[in-house]
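A look at the structure
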Amino acid sequence: MRKWRLAAYGRFMAAAFAANVKSVIEYRVNFLVQTFGMMLNNAAFAAFWAVLIGRTGAVGGYGFQDVMFVWGLVSTAFGLAHILAGNVRQLGRIIMEGSLDVYLLQPKDALLNVLLSKTDVGAWGDLLYGFVVLGLLPGLSLERLALFCALAVPAAVIFASAFAMAESLAFFMGNSQGIAGALSEFLLSFSLYPEGVFGKGLRWVLYSLVPSGFVAFVPLRVFRSMDWPLVPALWGVAIVYAVLARAFFGLGLKRYESGNRMDTRV
Amino acid sequence: MAAIVAENLSKRFILRVRPQGRFAALRALVRPERRIVDAVKGVNFSVDEGEVVAFLGPNGAGKSTTIKMLTGILTPSGGGARVLGLDPARERKRLAWSIGSVFGQKSQLWFHLPPADSFRLLGAVYEVEPKLLRERTGALVERFGLAELMDVPVRKLSLGQRIRCEIAASLIHAPRVLFLDEPTIGLDVVARKEIRRLIEELNKRDGVTVFLTSHDMGDIEKVCKRAVIIHHGEVVVDESMKTLKHRALSRKHVGVRYARPTSMDLPGLSPLKRTEQSARYEVDTNRHALRDVVRALAERGELVDITVEDEPLENVIEQIYAARSGAEAAAVTRGGSA
Amino acid sequence: MRARLYSVAASTSLRERTMYLGNFTASMLTYGLFVFIFSRVWAGAYAGRSEIAGYTQSMAVWYFIVAEITSFGFGRYFWGLSRDVKSGQVAYQLGRPYDFVAYNYAERVGGSLADAAVILAEGLAVGFLLVGTPPSAGGGLGAEILRGGLLAVSLLLAGSLNFLLHFSISLTAFWLEENDAFYWVYQKLVLVVGTLVPIEFLPDTVAAAALWTPFPYLSWAPARVFVAFSPADALSLIARQLAWVAFAVLLARAVFSLSSRRVALNGG
């Protein structure tokens with residue numbers, strides 16, 4: 001009877017998405033300001049790298065184009081993660097305040113349900129930024145565009161999974177906002193700087209707990225040499241992170257305490 | 001067939017306590033202090049399909065925790081539950097197809113959007129075919145009188161209107177069991193009456209099993225056939241509303257007011273309240289015939305007014321607590337209802 | 001003279017700020033992470049060379065540590081002020097018997113002295129761990145003490161300048177509901193002109209032009225006082241900071257009197 005699970009989830013996502021777009025349409029000024037701020041921030045760092053690399057040549061193995069590619073890819077992946085899983089950064093708060101109840105009462109996978117139920121419209125700016133950068137980099141081709149997309153999707157899944165895991169700590173500790181915020185900040189910050197400047201010991205962390213390696217370092221290597229065969233491996237890694245996040249969330253769910261706070265879905 | 005069964009259902013919460021005093025944060029890190037709270041201590045009850053059952057108890061008695069275990073939100077720490085033959089903790093998703101729930105304090109409607117959008121989204125969540133969804137939505141809109149509300153953002157609805165929408169929304173997938181946690185909390189009298197009427201109709205017309213928690217005795221007296229009372233995590237009463245009412249009906253409150261100061265001493269009865277010209281008595285009709293009491297009072301002086309009322313259900317429950325768990329329980333209830 | 005009022009306002013807000021140490025953890029974490037990553041970036045940039053534009057690797061790291069103090073220690077005025085303007089809180093304060101600019105300065109900058117001190121201490125500790133002792137002040141203990149004093153003065157001036165500019169930008173909320181964009185532009189200019197890299201790294205014409213803007217005096221000036229200390233240079237930098245602060249005071253007063261006229265006309 002319910003054979004077409006994927007189709008059903010697809011329909012659910014489309015409906016959630018439509019509802020979200022409507023509910024944020026009144027914040028379009030906010031969206032424009034946010035996108036403007038993001039562009040400005042990225043431009044400021046682009047200027048920084050242009051100045052530095054102009055003085056010294058490649059830093060930690062990254063030339064200016066490499067830096068721009070990484071910023072573009074991370075931005076697109078980060079944006080995609082927040083468009084699809086708009087609740088991911090609120091997950092800890094949702095758990096803590098007991099707002100998970102509503103999702104648990106519905107016949108959907110709880111983690112997917114809570115994550116997909118919201119979209120972050122501001123993230124469209126981040127998503128587009130990567131494509132703008134790609135367009136500005138020399139040698140644009142259909143193949144490079146395809147590879148960029150093929151790299152951005154697993155990176156987005158890894159972003160969402162890592163954030164979801166960090167936020168799921170809320171099941172186990174009283175207030176995990178601080179540590180979850182820190183983990184997210186680490187992931188984003190380390191991804192945006194050249195792999196070569198970090199020491200060996202740290203790199204272990206960057207390919208596990210803080211998976212910057214898989215959202216930025218490896219994708220850059222793949223993109224530089226158009227190394228398609230490595231792409232499935234990255235998708236595999238993304239699936240592993242997603243499965244881990246799902247398992248960790250499930251483990252926490254058994255300990256869910258469902259606080260009693262008045263709240264509404266915004 | 002039993003729609004809901006709870007067997008030794010228990011929930012223990014382990015709370016982290018923030019230690020006080022010097023180096024508190026450090027001590028918390030080394031050896032965190034914990035406090036164990038048994039919110040639900042092995043409750044047993046069952047609800048037949050088609051029944052409307054009230055689940056009562058003062059604040060913190062374990063009502064919400066129980067209802068959350070029955071709907072799969074919380075995992076029990078002992079015992080178990082079956083709802084429509086499924087284990088809510090293990091088969092949450094399967095169960096969700098056939099139950100509906102309204103938690104007065106947790107909204108499933110989107111705050112900034114009109115209910116129509118939430119209905120569409122819930123239709124997708126419950127995989128209701130678009131055509132069927134339109135039919136059901138239409139029927140619910142008519143029945144719950146939502147025609148004018150469907151296109152108004154939820155944030156602009158009154159609480160009563162919102163709860164009506166919430167209940168309608170919880171029926172979009174035609175559930176067989178409906179859980180209502182404090183559905184009338186914060187509503188005015190008119191809105192309450194309306195909600196009660198809807199619940200009654202839902203049960204009578206569609207045979208939906210209703211499991212309802214409430215503080216409001218009115219909800220329960222009017223709507224429910226049976227009451228389960230929980231206190232300190234344990235079931236203290238499980239009987240038909242009729243029996244419960246019968247107990248209550250054996251006690252009457254008699255109020256009198258005289259034209260001028262009158263001596264109102266009655267042998268064997270002491271007034272609950274009295275002034276020079278008025279008094280209020282609680283009369284146990286098993287011991288004193290009501291007729292005798294009224295006649296005796298009428299003979300004392302020139303009556304201005306006399307009233308006879310059923311004892312409020314709160315008091316009945318309070319007395320049951322007092323009988324079951326001693327004076328402490330009664331003190332807690334009084335403190336809670338004050 | 002209302003000196004007493006302003007000093008009470010400053011010390012009250014300072015005490016409130018220090019009541020709960022958790023207030024600082026988020027910014028301390030971000031700052032520490034940033035300093036660490038930049039120390040690694042500089043290590044990468046200095047691979048195979050000993051200086052860039054007159055800076056050694058150690059100088060560049062210490063430059064970054066000091067240059068970021070203004071943003072992290074004296075940083076969030078815009079949000080608080082903007083919020084107060086939009087919520088009408090400011091209109092209410094206008095009727096009080098004190099100088100609005102001076103009172104806000106005392107309260108807000110006074111409170112952030114705690115943040116600045118915490119960030120400075122963290123910066124010194126992290127810097128010491130990452131690249132060892134800072135470049136010497138070049139004249140024994142006396143010079144070190146003089147440098148410390150002048151650094152404190154320079155940081156305080158940088159913080160004051162930052163407050164005054166935030167103040168002027170945030171008051172545009174009286175005219176424009178969405179004034180965040182102005183702030184973003186300002187903040188990114190602060191970042192690029194003198195914070196992320198020393199001014200000397202910028203192309204010569206850009207660097208020369210930048211010295212005529214207020215931005216270097218928020219970050220570059222205190223950082224120079226610390227990493228390339230000479231009493232004469234330090235005093236010259238401080239004098240220029242003072243000039244910019246004086247200009248910013250006039251600007252803040254002008255914007256304020258325009259906006260309070262607007263409140264008088266529109267009733268807030």
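Residues numbered from 1 in each chain as written. Chains lettered and ligands numbered in written order. Predicted model: local features only at pLDDT ≥ 70, side-chain atom pairs only at ≥ 80, totals over all residues. Heavy atoms only, no water.

1. Brief notes about the side chain of C:Ser39
Residues and elements named next belong to chain C. Position of Ser-39 relative to the elements: it lies in helix α2 (residues 22-45). By relative accessible area, Ser-39 is classed as buried at 5%. Look past the residues within four positions of Ser-39 in its chain and what remains in contact with it is Gln-57, Val-61 and Leu-130. (Helix = DSSP H or I, 4+ residues; strand = E, 2+ residues; numbered from the N terminus. Buried < 20%, exposed > 50% of the residue type's maximum accessible area, 1.4 Å probe, protein only. Contact = heavy atoms within 4.5 Å.)

2. Quick look at the nonpolar core
With 188 residues, the main nonpolar core has A:Trp49, A:Leu100, A:Tyr193, B:Ile4, B:Phe45, B:Phe211 and C:Trp42 as its most contacted residues. The biggest single contributor to this core is helix α8 (residues 142-168) of chain A, with 14 residues. With residues near it in sequence (within four places) discarded, B:Ile4 still touches B:Phe45, B:Ser46, B:Val47, B:Leu70, B:Arg82, B:Val83, B:Val177, B:Phe179 and B:Phe211. (Core = buried A, V, L, I, M, F, W, Y, C linked by side-chain atoms within 4.5 Å.)

3. Examining the interface of chain B and chain A
Each partner contributes residues to the interface: chain B has 37 residues there, and chain A has 44 residues. Both sides together, the interface formed by chain B and chain A hides about 3,700 Å², and carbon and sulfur atoms give 54% of it. Area buried by chain B at its contact with chain A is led by B:Ile73, B:Lys106 and B:Trp110, which between them contribute 19% of it. Taken together, chain B and chain A are joined by two salt bridges. Between B:Glu127 and A:Lys108 there is a salt bridge, with the nearest N and O atoms lying 2.9 Å from each other. Taken together, chain B and chain A are joined by seven residue pairs in polar contact (both at pLDDT 80 or more). Breaking the side of chain B that touches chain A down by element, the ones donating at least two residues are β1 (2-17), α2 (63-70), α3 (92-96), β5 (99-103), β6 (106-110) and α4 (115-125) of chain B. The element that contributes the greatest number of residues to the side of chain B that touches chain A is α4(B), accounting for seven residues. (Buried area = accessible area lost by both parts, 1.4 Å probe. Salt bridge = Lys/Arg side-chain N within 4 Å of Asp/Glu carboxyl O. Polar contact = N/O pair within 3.5 Å; in protein donor to acceptor, adjacent residues only side chain to side chain.)

4. Brief notes about helix α3 (residues 64-84) of chain A
Taking 1.5 Å of rise per residue, the 21 residues of α3(A) would be expected to cover 30 Å, and the 30 Å separating its terminal C-alpha atoms lies within 8% of that figure. Taken across its 21 residues, α3(A) has 17 buried, putting it largely inside the fold. (Expected span 1.5 Å × (residues − 1).)

5. Thoughts on the interface of chain C and chain A
Counting residues at the interface gives 30 residues for chain C and 26 residues for chain A. Across the chain C/chain A interface, buried area totals approximately 2,400 Å², and carbon plus sulfur atoms make up 79% of it. The tally of links between chain C and chain A comes to zero salt bridges. Taken together, the links from chain C to chain A amount to seven residue pairs in polar contact (both at pLDDT 80 or more).

6. What about the pattern of salt bridges?
A full pass over the atoms with the stated rule returns 29 salt bridges over all chains. Through salt bridges that share partners, B:Arg143, B:Glu194, B:Arg197, B:Glu201, B:Arg205 and B:Asp206 make up one connected network.

7. A word on empty space enclosed by the protein
Applying the stated criterion to the full structure yields three cavities of 30 Å³ or more. In this model, the largest cavity occupies a volume close to 110 Å³. For the largest cavity, the lining is made up of 13 residues, of which A:Val102, A:Leu105, B:Ser101, B:Val102 and B:Gln108 are closest to its centre. Of all the secondary structure elements, the ones that give two or more residues to the lining of the largest cavity are α5 (101-104) of chain A together with β5 and β6 of chain B. Grouping the amino acids of the lining of the largest cavity by side-chain chemistry returns five nonpolar, five polar and three charged. (1 Å grid on protein atoms, 1.4 Å probe; cavity = no way out; pocket = protein on both sides within 12 Å on 5 of 7 lines; lining within 4 Å. Points joined across faces, edges and corners; volume = space filled by probe spheres on them. Nonpolar A, V, L, I, M, F, W, Y, C, P; charged D, E, K, R; others polar.)

8. Quick word on the packing of aromatic side chains
Ring pairs (aromatic) are described by centroid distance and by the angle formed between their planes. Residue and element names in this part refer to chain A. This structure, assessed with the given rule, holds 48 aromatic pairs over all chains. On the basis of an interplanar angle of 70° and a centroid distance of 5.3 Å, the ring pair of Phe-131 and Phe-148 is categorised as edge-to-face. Of this pair, Phe-131 sits in helix α7 (residues 123-136) while Phe-148 sits in helix α8, and the two are 17 residues apart along the sequence. Judged by its relative accessible area of 31%, Phe-131 is partly exposed. Residue Phe-148 is classed as buried on the basis of its relative accessible area of 1%. With a centroid separation of 5.8 Å and 80° between ring planes, the pair formed by Phe-186 and Phe-190 is classed as edge-to-face. (Phe/Tyr/Trp six-rings, centres within 6.5 Å; stacked < 30°, edge-to-face > 60°.)

9. A word on the confidence of the model for chain A
Here chain A shows a mean pLDDT of 88. Residues at 70 or above account for 93%. Scored below 50 in pLDDT, residues 260-266 of chain A makes 30 contacts in the model with residues more than four places away or belonging to other chains. (pLDDT = per-residue confidence, 0-100.)

10. Here's the deal with the layout of surface pockets
In this structure, the largest pocket occupies an estimated 1,800 Å³ of space. In this structure, the largest pocket is lined by 43 residues; those nearest its centre are A:Asn41, C:Thr30, C:Trp184, C:Gln187 and C:Lys188. When the residues that make up the lining of the largest pocket are grouped by side-chain class, the tally is 18 nonpolar, 18 polar and seven charged.

11. A closer look at the environment of B:Leu157
Residue and element names in this part refer to chain B. Along the polypeptide, Leu-157 turns up in the loop between α5 (130-144) and α6 (159-169). As a C-alpha pair, Leu-157 and Phe-111 span 46 residues in sequence and 9.8 Å in three-dimensional space. Beyond its immediate sequence surroundings of up to four residues, Leu-157 is in contact with Pro-115, Leu-149, Val-152, Arg-162 and Cys-165.

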